[in-house]
Structure formats: C-alpha cells, structure tokens
Amino acid sequence: MKLNELYANRFDKKTWEKRNNLWRILCEEFFNRYVKPSDDVLDLAAGYCDFINNIAAPKDSTPRGRRIAVDLNPDVKAHAAPFVEVHNAPAQSLGFLDDASLDAVFVSNFFEHVREKDDIITILNECLRVLREGGKLLILQPNIKYLPGEYWDFFDHYTPLTEKSMGGYYILREVVKKFLPYTTQSRFPQFGILIKLYCHMPFAWKILGKQMFILAEKKGEVKS
C-alpha cells in the first residue's frame, strides 16, 4: 500500500481537523518555547504538516524563518501552508539542505517506522549536519517502556525505543519520559481549554503520557 493510501485510510477529514487544532495549541502552549519565529525549522517526516504549519507564528513585523517539510508521501504538498517549503525525499538524504543551515529539526512519531537502527543513525547524523552549532533537535516519540503491547498494534511499527535511545553528538537538554498520550484519539483532552491546561500540568503527563519528548542540542561538527 502506498503512503498516501495508508494515511488516508488511518485518519478521516474530521480527525485531521481535530489534529490541526490540537497541534496549534500544542505549539502555542509548549513547543513555541523552543522555536523562535525567525528560526529556520525542518519538520522531518512531516506527514500532514500539523507542526510546521503552526510552529512559532510571527507577530506584527517579526520575520518568519524558513519552514521546511520533508516527507515521502506526495500528499504532504496539499497540506502544507503557503509559507512552507516542501520536499518529497527520504529522511536519510537531505542533500538539498546546506550544512549548518537550520536552527531546529522536529521529528514526531517517525523513528518507530524505520526498519533498521543503522538508518536511524544515518538520519540523526543528517539532522546533525544541517543544524547550526547549538541547534535543537526535538523528538516526540512513543515510549515502548509504557506501552509494550500497544506499540505493535500498528503494522508499520518496526523499531522499539525508550527515552534512553539517544546520544552521539547531541547534548540532552530535556528528557520527558511521559508527555503526550499514545494517540490523539485516545484519552487526550479534546477541548481547547483542556489541551492548554494539559500542556502546563506535568503531573497529568505522568498519568496519561505514553510518548516521550526529547530536546537535544548539537554540540559539535560532524566528524568525517
């Protein structure tokens, strides 16, 4: 099955609208603390562009940095906002981006779909290459430690990961073992005010959270 068919079958239009509202609030209340409007940002495996369409919207005359979405699914172009630069490309090959050209890379619910750990290492090194010194890598990822059975309910999940599955050339600045629920269709609050409250209530994360959040910072140049 092709990628566009797989995700079209997984989520209907109403679900995508709810997702976009959810991500708008998540960006406003949580992720915007890590990204400035003027930052150059990559959303890797962007899917339906929930993050990159909503992250760090400029206010007044604040300039907007580059917003880049990368995904193999050709439908990503139809969901990207007009200001988003879209590339249909594999995550392992970001050759269209210069070295040290970005301030932040966001990766959400992707690494579990990668078949080989060597490929994950390649992707992490590509992220490292395109990040500027001190640039941020933000990872949102199901934590198999807290859903050892449910993790495999999705046929296209291959690689199990926990919050400790990170390192290399990155400094870990923040590690949240339990942040968001496993899926947006699970026990996550669906009303705007409740989503806002959830973002500021870490004790609720410990109860409902099944996905981890990792903030890593580039600490050096790629070694040849």
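These numbers were taken from a predicted model, which means no experiment stands behind them.

Q: Explanation requested: the overall build of the protein in the structure shown.
A: Helix and strand counts for the protein come out as six helices and seven strands. Going residue by residue from the N terminus, the α and β elements of the protein occur as α-α-β-β-α-β-β-α-β-β-α-α-β. A total of 224 residues make up the protein; the buried ones form 48% of that total. In the protein, 75% of the contacts between residues at least 6 apart in sequence involve partners at least 24 apart. Accessible surface, the protein: about 11,300 Å² in total, of which carbon and sulfur atoms supply 53%.

Q: For this particular structure, what's the right way to read the side chain of glutamine 141?
A: Here glutamine 141 shows up in strand 5 (residues 131-142). Look at glutamine 141 and you get buried, because its relative accessible area is 1%. Side-chain polar atoms of glutamine 141 contact the side chain of glutamate 112, separated by 2.8 Å. In this structure glutamine 141 touches Phe110, Phe111, Glu112, Tyr151, Leu161, Gln211 and Met212, once residues within four positions along its chain are discounted.

Q: What exactly am I supposed to notice about helix 5 (residues 192-199) here?
A: The periodicity of an α-helix, 3.6 residues per turn, causes residues three or four positions apart to be oriented the same way. Buried residues of helix 5: Ile195, Tyr198 and Cys199, and no others. Down the axis of helix 5, the buried set is contained in an arc of 100°. They therefore lie on one face.

So, how was this worked out
- Residues numbered from 1 in each chain as written.
- Predicted model: local features only at pLDDT ≥ 70, side-chain atom pairs only at ≥ 80, totals over all residues.
- Heavy atoms only, no water.
- Helix = DSSP H or I, 4+ residues; strand = E, 2+ residues; numbered from the N terminus.
- Buried < 20%, exposed > 50% of the residue type's maximum accessible area, 1.4 Å probe, protein only.
- Contact = heavy atoms within 4.5 Å.
- Areas by Shrake-Rupley, 256 points an atom, 1.4 Å probe, with all protein chains shown as cover.
- Polar contact = N/O pair within 3.5 Å; in protein donor to acceptor, adjacent residues only side chain to side chain.
- Arc of directions from axis to C-beta.

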